[in-house]
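Listed below, chain by chain, are the residues.
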Amino acid sequence: QGLMAGKRGLIMGVANNRSIAWGIAKALADSGAEIALTYQGDALRKRVEPLAADLGAIVVGHCDVTDPQSIDAVFKTLEQTWGKIDFLVHAIAFSDKDELTGRYVDTTAENFSQTMQISCYSFTAVAQRAEKLMTDGGSMLTLTYYGAEKVMPHYNVMGVAKAALEASVRYLAADLGKNKIRVNAVSAGPIKTLAASGIGDFRYILKWNEHNTPLRRTVTIEEVGDAALFLLSDLGRGVTGEIQHVDSGYHVVG
Ligand code: 0WD
């Protein structure tokens, strides 16, 4: 009997086996959770289906968070399949990589809106739908980065979107607490994933962390998964509105 036995939920943002969402999915499945995954587009479908099979997870279809109908379709499928859910993981972000380098001041209005929509608003959009299925309470989690709190080289518009995302975690926690729904974020240290490879000088940032974090190393998706397990399971039952750093302690020195 694991910590997540009897709990069911949706994980959004698995792109491949390096994704943070995949580290979270593994930790939750190892603890007995039943998991549903979405994929973004047909190219990722081929990656996600075998990964889901490894975990005994179900795949509830394509979801592009810029298309509200695709979000509705996923939640409809979840409702028909399970009736209710206990947890939600949002591990989604996007910005034009031409703006994840150079100066923040040069951000365009178009990419600002797109970055905010995909990396910030989409968490609220899925929370709205998930709330309706969390009839016995639940736990929601998103992923953020220290660039929300401090200026990090090249993070630019994504740092602004993450700051808004962290604020939305607090507002969602306040709104949904009455329904026994907790809302938290993990602020992960840099990890080499597909999304991270779009950020300028990312290898240098990893090296910098190896030399300068209190633990003198970077973190893994398994470590993020274990922190997510705490926040999504009953171990975290007294925690909401929290930004939990899993960053080898960088936020106390950086
Ligand atoms: O260093 C890192 N990797 C950190 C990542 C440090 C701290 C936080 N994070 C955050 C990211 O900002 C993101 O919110 O963790 C979350 C997960 O990112 P990841 O695991 O680093 O990256 P990846 O494996 O690429 O997954 C992100 C996925 C997308 O992958 P790609 O690379 O194809 O963009 O987000 C999904 C997509 O699957 N995604 C979308 N899903 C639905 N609709 C959309 C969209 N419009 N856009 C991106």
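Above: the structure in question.
The following paragraphs examine the structure supplied in this document.

1. Looking at the site of the ligand
Point 1. Of all residues adjacent to the ligand, which total 27 residues, the nearest are Ser19, Ile20, Lys162, Ile191 and Thr193.
Point 2. Between the ligand and Ile92 there is a distance of 3.4 Å, counted from an oxygen atom to a backbone nitrogen or oxygen.
Point 3. Here Ile191 contributes a backbone N or O atom positioned 2.8 Å from an oxygen atom of the ligand.
Point 4. When its residues are assigned to classes, the shell around the ligand shows 19 nonpolar, six polar and two charged.

2. Concerning helix 7 (residues 221-232)
Point 1. Here helix 7 is twelve residues long and its end C-alpha atoms lie 16 Å apart, about the 16 Å a rise of 1.5 Å per residue gives.
Point 2. Every buried residue of helix 7 is listed here: Ile221, Val224, Gly225, Ala227, Ala228, Leu229, Leu231 and Leu232.
Point 3. Buried positions along helix 7 lie against helix 1 (20-30), strand 4 (87-90), strand 5 (138-144), strand 6 (181-188) and strand 7 (243-246).

3. Remarks on the environment of Tyr250
Point 1. Within the fold, Tyr250 resides in helix 8 (residues 250-253).
Point 2. On the accessibility criterion, Tyr250 (11% relative accessible area) is buried.
Point 3. Separated by 135 residues in the primary sequence, Tyr250 and Thr115 have C-alpha atoms spaced 25 Å apart.
Point 4. Tyr250 has contacts with Tyr146, Met152, Trp208, Asn209, Asn212, Thr213 and Pro214, leaving out every residue within four places of it along the chain.
Point 5. Of the polar contacts made by the side chain of Tyr250, one reaches the side chain of Trp208; its length is 3.0 Å.

4. Let's talk about the packing of aromatic side chains
Point 1. Under the definition given, this model contains three aromatic pairs.
Point 2. An angle of 85° between the planes, with centres 5.8 Å apart, marks the rings of Tyr146 and Tyr250 as edge-to-face. Of this pair, Tyr146 sits in the loop between strand 5 and helix 5 (156-176) while Tyr250 is found in helix 8, placing the two residues 104 residues apart along the sequence. Like Tyr250, Tyr146 is buried.
Point 3. Look at Tyr204 and Trp208: their rings are 6.3 Å apart centre to centre, the planes differ by 35°, and that puts the pair in the tilted class. Highlighted residues: Tyr204 and Trp208, both in helix 6 (residues 202-212), separated by four residues, approximately one helical turn.

5. Overview of the nonpolar core
Point 1. Among the nonpolar cores identified, the biggest contains 36 residues, and Ile11, Ile24 and Leu28 are the most heavily contacted of them.
Point 2. Of all elements in the fold, only helix 1, strand 2 (34-39), helix 2 (41-55), strand 4, strand 5, strand 6 and helix 7 reach the threshold of two or more residues within this core.
Point 3. Element by element, the count of residues in this core is highest for helix 7, at seven residues.

6. A word on the pattern of salt bridges
Point 1. For the structure shown, the criterion picks out eleven salt bridges.
Point 2. Glu222 is the salt-bridge partner of Lys26, the closest N and O atoms lying 3.0 Å from each other. Of this pair, Lys26 sits in helix 1 while Glu222 sits in helix 7, placing them 196 residues apart in sequence.
Point 3. Classification of Glu222 as partly exposed rests on a relative accessible area of 39%.
Point 4. Between Arg103 and Asp106 there is a salt bridge; the shortest N-O distance is 3.1 Å.
Point 5. When salt bridges that share partners are traced, they join Asp42, Arg45 and Glu49 into one network.

Rules used in this analysis
- Residues numbered from 1 in each chain as written.
- Predicted model: local features only at pLDDT ≥ 70, side-chain atom pairs only at ≥ 80, totals over all residues.
- Heavy atoms only, no water.
- Near = heavy atom within 4 Å.
- Polar contact = N/O pair within 3.5 Å; in protein donor to acceptor, adjacent residues only side chain to side chain.
- Nonpolar A, V, L, I, M, F, W, Y, C, P; charged D, E, K, R; others polar.
- Helix = DSSP H or I, 4+ residues; strand = E, 2+ residues; numbered from the N terminus.
- Expected span 1.5 Å × (residues − 1).
- Buried < 20%, exposed > 50% of the residue type's maximum accessible area, 1.4 Å probe, protein only.
- Contact = heavy atoms within 4.5 Å.
- Phe/Tyr/Trp six-rings, centres within 6.5 Å; stacked < 30°, edge-to-face > 60°.
- Core = buried A, V, L, I, M, F, W, Y, C linked by side-chain atoms within 4.5 Å.
- Salt bridge = Lys/Arg side-chain N within 4 Å of Asp/Glu carboxyl O.

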